[in-house]
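Here is how the chains run, residue by residue.
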Amino acid sequence: MQSDVILNQKAATEGPNKTLDFIPGSCFLGVAAASLYDDFEKMDETAKKKMITIFHSGKVRFGDAHPSKGNKRGLKIPASLFYPKLGNITDGEVYVHHRIPDEKLSDKDFKSKQIKQSRSGFYVFGTNTATEVKTDTNFAIKSAYDKEKRRSKDQQMYGYESLQKGLELLFEVEVDDETLAEEVKLALEGEDKRIGRSRTAQYGLVKIQHIDDYDEPKSNNSDKNEITVYADGRLIFLDGYGQPTFQPTINQLLGKSNDENVEGKILWDKSQIRTFQYAPWNYHRQCFDADRCGIEKGSVFVIQTSQKEFHSQYIGSFRNEGFGKVIYNPDFLNAEEDGKTLIKFEKDKDNPQTDSSELSGTPLLDYLNEQKSKEEAETLIYTLVNKWVDDNKDKFHGETFASQWGTIRSIAMRNKSLKKIKYELFERTTTRNGQTIPDAYLTHGVAAEKWSEKGRKKAFENFINGYKSKDDIKFNPLTDDNAQMAIINLAAEMAKK
């Protein structure tokens, strides 16, 4: 992720609202649609059929993106894993609930442990180990802006929780028709793709790239009459009346049609199910669609059936948006005779926020370390801005530049990356009458004439590309991490001058 990303769990605008810890497949469907889906009424019949196949037929399924490590995609912690209440999942005592013998459940010593359900976190599952994948978040307090009074609106404060910049996630796109695969791939790949909320502000910028080597747990065939169904994605099922249901049939869980005769039953007392409900926003109609009610990812069904062969697949409804991905009989739900899992759970040892500084080890120290780093970065920016203003303010005396600095500030606020800011200010071009001419803000029109005088444009470029003040203090070139903040602060200071 090139910037923080906001993916609210609920559509409500009041009250606390947490972000999702993954990116839903519907976001990638939207990215592809923005690239491929032009005015439908103006398409020829062949193009219309292709768009219907890609986005509406279920033959192309945009999977959810999970926090990952390398080429291994993380999975939501299974809801059937339990561990003692006063311990941690990494302590080595983890039980697969439906594998615990009945006599052990009634044992007095075992009851005293008060085992509790694991509910949050993503893990990369290997042969014998499962490694945690951190999904760090940020929280920011924002305020609505009053354009008439040029200040924050009264009683219009709100908070945004977001996934933190730098997080790497993996997702898959399943395509039944291979002739469409390359077109979908090209529509998704690239930098500066935007997803989530507040995309016109500082949030939602991601880079999507294709990888060939992709690894995740697979379904296994069964040698017993009892199988487990692990929900890799969120599941939505409809009953015979077309209404959402939290009690799917055995045919729905096994991906079979209703007219197939599948023997068996769902063992509800051994299953661990969690549910969700939210109202999706329809951008085209500018309204909320009907509520989506379903079963949360990480849920585990236990089924008694004579069927033996299984493979990972998508089941249920809304599969084109990533709903319905399941894994049958995954290895990480195997257990010993007493119900203990065969997998050892480990903490995320590679997270830089836990070992990059002496200020680490507890949430409080991690917070202080982060605030210390932010303060040092801000101090460097303020020093650079003040030096540049003192050295160059005379170049702008005698003329009105406040509105132009306001436009520069606006451009910086809309664009997070340094590359994009430089493109909008200095590098953008357009073609007129067969000729390529400058079209960036500081290279055409009235602004270009004013900025070409007194070396103003050159001085501003030096501020971005590496500045040396009059008292010989050298500053490094701006980067994606500090360019937006530096240019916004410079524009605000120069507007005052």
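What counts as what
Residues numbered from 1 in each chain as written. Predicted model: local features only at pLDDT ≥ 70, side-chain atom pairs only at ≥ 80, totals over all residues. Heavy atoms only, no water. Pairing = 2+ DSSP bridges. Helix = DSSP H or I, 4+ residues; strand = E, 2+ residues; numbered from the N terminus. Buried < 20%, exposed > 50% of the residue type's maximum accessible area, 1.4 Å probe, protein only. Salt bridge = Lys/Arg side-chain N within 4 Å of Asp/Glu carboxyl O. Core = buried A, V, L, I, M, F, W, Y, C linked by side-chain atoms within 4.5 Å. Contact = heavy atoms within 4.5 Å. Polar contact = N/O pair within 3.5 Å; in protein donor to acceptor, adjacent residues only side chain to side chain. Lys, Arg positive; Asp, Glu negative; His and termini not counted.

This brings us to the sheet that holds strand 4 (residues 75–76). Pairing between the strands of a sheet comes from backbone hydrogen bonds, and it takes one of two forms, parallel or antiparallel. The sheet built from four strands is open, its strands ordered 4-8-9-27 with mixed pairing. Whereas interior strands pair on both sides, the edge strands pair on one side only; in this sheet they are strand 4 and strand 27 (344–346).

Another aspect to go through is unusual backbone geometry. Even without being a glycine, aspartate 192 presents a positive backbone phi close to 60°. Topologically, aspartate 192 is positioned in strand 14 (residues 190–194). Although it is not a glycine, glutamine 286 adopts a positive phi angle of roughly 55°. Under the relative-accessibility criterion, glutamine 286 is labelled partly exposed at 47%.

Time to look at the pattern of salt bridges. Opposite charge on two side chains makes pairing possible when the charged atoms of those side chains draw close. Applying the stated rule across the entire model yields 27 salt bridges. The closest approach of N and O atoms between glutamate 183 and lysine 50, which form a salt bridge, is 3.3 Å. Placement of glutamate 183 in helix 5 (residues 181–188) and of lysine 50 in helix 2 (residues 45–55) is noted, with a sequence separation of 133 residues between them. Here glutamate 183 falls in the partly exposed class, since its relative accessible area comes to 26%. The shortest N-O distance in the salt bridge between glutamate 493 and lysine 496 comes to 3.3 Å. With glutamate 493 and lysine 496 both in helix 13 (residues 483–496) and three residues apart, the pair spans about one turn of that helix. Residues joined by salt bridges that share partners form a network here, namely Arg73, Glu172, Asp232 and Lys325.

What follows deals with the nonpolar core. General note: in soluble globular proteins, nonpolar side chains tend to be found buried as a group. In terms of nonpolar packing, the biggest core is built from 33 residues, with Trp388, Trp405, Phe460 and Phe463 touching the most fellow members. The dominant element in this core, judged by the number of residues it contributes, is helix 13, at seven residues. Those residues within four positions of phenylalanine 463 in sequence are excluded, and the remaining contacts are Leu384, Val385, Trp388, Leu478, Ala486, Ile487 and Leu490.

Another aspect to go through is the environment of glutamine 117. Mapped onto the elements, glutamine 117 comes out in strand 7 (residues 115–117). Between the C-alpha atoms of glutamine 117 and valine 184, which are 67 residues apart in sequence, the distance is 39 Å. Beyond its immediate sequence surroundings of up to four residues, glutamine 117 is in contact with Ala79, Leu81, Phe82, Gln272 and Arg274. Separated by 2.9 Å, the side chains of glutamine 117 and arginine 119 make a polar contact. Here glutamine 272 takes part through its side chain, which lies 3.1 Å from a polar atom of the side chain of glutamine 117.

Moving on, we come to the pairing of strand 20 (residues 275–278). Only one face of strand 20 is buried, namely the one carrying Phe276 and Tyr278, since none of Thr275 and Gln277 on the opposite face is buried. The pairing of strand 20 with strand 23 (residues 292–295) spans four bridges and is classified as antiparallel. Pairing of tyrosine 278 across the sheet is with arginine 292, part of strand 23.

Its place among the elements puts glutamate 296 in the loop between strand 23 and strand 24 (300–305). Summary of buried charges: glutamate 296 has no salt-bridge partner, and the nearest side chain of opposite charge, arginine 234, is 4.6 Å away. Apart from residues no more than four positions distant in its own chain, glutamate 296 is found in contact with Ala231, Arg234, Arg274, Thr275 and Phe276.

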